Amino acid sequence: MVRTAGTPVAPGSLNDLPEATWGMMLRRGLPQFGAENVLPVLGFYAVWRFAGLGPAVVASTVVYLALAAWLIRSGREVGAIAIGMVFVAVQAVVGLVSNSATVYLAQPVVLSALWGLALIGSAALGKPLIGVFANAWYPFPDWFRAAGPYRREFAMQSVVWGVYFLVRAALRLWVLLESGVGGFVLVSVPTGTPLLIALVVWGIWHARRTFSRLQDHDVALPVVVHAHSKG
């Protein structure tokens, strides 16, 4: 027999999803968001001002690794965390070997640009990365993540985030080369946390609006099942 396209194959429906309230999503995602984007940079700058580059690199690395350990113990997805941990380790080694704060801080700028390209590329490939990070804010089940509305929504958001990362990377690199570490930190903060918060709030609002209009048939997964007769 052939199961017609549009028949849901996953054991779930929209009614099974937890209510996507702002309070629930902020409690789930805000601590991780703030810690990842603020604490390592502030830790580096505070220690660098008083103790020099080496201790600052160590302090920033310890802050991030402690955060990663907390996220893993909390049961969060480890893919993005593992990538971040590898980069932090490489960044620390390069910063200590080069003995240059400029080189150390230029590395996340390059990473930001690479993330921008990866986000736009993931949207083009139909596997949007923002969909992965969205699970830090809301526990999307696997069957919903495989559906078309999920991929379309977060493909669009991945392009928006990708453009933001590319523009911010270009600005931060220019300021770092022109004004040094102090100017870099001053630019990183307003172009970082405030804009990131604005993008996160917009992303949550847009996804909630999009998904709240869905019906069960909108997220049904097409599948073909063949039954072989005996003899």
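Refer to the structure above for everything that follows.
The residue count restarts for each chain, going from 1 along the sequence in the order it is written. Per-residue local features are limited, in this predicted model, to residues with pLDDT of at least 70; the limit for side-chain atom pairs, both in listing and counting, is 80 or more; totals at the level of whole chains, interfaces and linings are taken over all residues. Side-chain numbers come from the whole structure's heavy atoms, not from hydrogens or water.

A. The packing of aromatic side chains, seen in detail. Here a pair means two rings of Phe, Tyr or Trp (six-membered ring of Trp) with centres within 6.5 Å. Their orientation is stacked below 30 degrees between planes, edge-to-face above 60, and tilted elsewhere. Summed over all chains, the structure comprises 14 aromatic pairs. With a centroid separation of 5.8 Å and an interplanar angle of 70°, the aromatic rings of Trp 115 and Phe 133 are classed as edge-to-face. Taken together, the residues Trp 115 in helix 4 (residues 101–124) and Phe 133 in helix 5 (residues 129–133) connect sequence positions 18 residues apart. Relative accessible area serves as the criterion here: at 32%, Phe 133 is assigned to the partly exposed category. Ring centres of Phe 140 and Phe 154 lie 6.0 Å apart, and the angle between their planes is 75°; on these two criteria the pair is classed as edge-to-face. On the criterion of sequence distance, the pair formed by Phe 140 in the loop between helix 5 and helix 6 (142–145) and Phe 154 in helix 7 (residues 148–212) is long-range, its members being 14 residues apart. Exposure categories follow from relative accessible area, calculated using a 1.4 Å probe and restricted to protein chains: below 20% of the type maximum is buried, above 50% is exposed, and the middle band is partly exposed. Since its relative accessible area comes to 11%, Phe 140 is described here as buried. On the accessibility criterion, Phe 154 (4% relative accessible area) is buried. Taken together, the ring pairs connect Phe 140, Trp 143, Phe 144, Tyr 150, Phe 154 and Phe 211 into an aromatic cluster. Put simply, DSSP H or I for four residues or longer makes a helix, DSSP E for two residues or longer makes a strand, and each gets a number counted from the N terminus.

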